[in-house]
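Report on the structure
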Amino acid sequence: MRGTDLKKRGRLRMGQIGVVATLLLATGPAPALGAPSTISVTNPLMLRFGTFAVPSSGFREVSASGAVSSAGIFALSSAGTGPARFTVQYDRGNNSKRRVDVTIDLVFSTPSAFAQGGLTARLSRYQSDIPGYPSIAPGQIVRVQLANCLQRVCSMSFNLGGRLDVDRSFGGGNVAIPIPVDAVLVSER
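So, a few notes on the structure that sits alongside this text.

About the criteria used
Residues numbered from 1 in each chain as written. Predicted model: local features only at pLDDT ≥ 70, side-chain atom pairs only at ≥ 80, totals over all residues. Heavy atoms only, no water. Core = buried A, V, L, I, M, F, W, Y, C linked by side-chain atoms within 4.5 Å. Buried < 20%, exposed > 50% of the residue type's maximum accessible area, 1.4 Å probe, protein only. Helix = DSSP H or I, 4+ residues; strand = E, 2+ residues; numbered from the N terminus. Contact = heavy atoms within 4.5 Å. Polar contact = N/O pair within 3.5 Å; in protein donor to acceptor, adjacent residues only side chain to side chain. Pairing = 2+ DSSP bridges.

Let's talk about the nonpolar core
Ile 104, Leu 106, Phe 108, Phe 158, Leu 160 and Ile 179 are the most contacted members of the largest nonpolar core, which totals 35 residues. At the level of elements, strand E8 (84-91), strand E9 (100-108), strand E11 (119-130), strand E12 (133-136), strand E13 (141-149) and strand E14 (153-168) are the ones that each hand at least two residues to this core. Beyond its immediate stretch of four places on either side in the chain, Leu 106 contacts Val 41, Val 88, Gln 140, Ile 141, Val 142, Val 144, Phe 158, Val 181, Asp 182 and Ala 183.

What follows is the structure, encoded as structure tokens:
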């Protein structure tokens, strides 16, 4: 019986070694995964309304082309006005080198109101130079295309203007209102 037990043990060990070797081969080095694709929206130039005085209430509007109109204000300087500049960038990662057409949806949220002392300001009436979207309502989906993307990173830039309504009972200050924007990848073909 002892000899039979040793034989059985030996077979078990051979079987276990075979299984271990098979598992080691199956868990060998895996191929490296590509970097994931990403979308970013940057705002290198803010929407600028310049320097002006408001006796009680008024507005200043800066178009996507940079044209300025206003009412109820006294302009103190003609310098320092201009539309915001945004850049939408798609980085495909290192997944492919083929030509792709990318579709991205942008949504500009309602900006918050600015309040400081006796001064309040609201940003509205977005205007853009994006083809097909001369005016943009907060919450509206704006679809942009990055066609024939051959590089790892493809981008497009556009201007955004708007209207600043200001009410003043006393004092003054520097008005800064961020423009929130979200970007979502719709398709990559």
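That covers the picture; the talk isn't over yet.
Observations concerning the side chain of Arg 163
Its place among the elements puts Arg 163 in strand E14. Assessed through its relative accessible area of 14%, Arg 163 is described here as buried. Polar side-chain contacts of Arg 163 include one of 2.9 Å to the side chain of Asp 165. Once you skip the residues sitting within four places of it in the chain, Arg 163 turns out to touch Phe 49, Phe 59, Arg 60, Glu 61, Arg 122, Leu 123, Ser 124 and Arg 125.

Points about the pairing of E8
Judged by how many residues are buried, E8 sits mostly within the fold: 6 of 8 residues are covered. Sheet topology note: the strand E1 (residues 38-45)/E8 ladder contains 6 bridges and is antiparallel. Residue pairing across strands places Ser 40 opposite Gln 89, the latter belonging to E8. Here E8 pairs with E14 via 8 bridges, running antiparallel. Following the sheet pairing, Ala 84 is matched in E14 by Leu 160.

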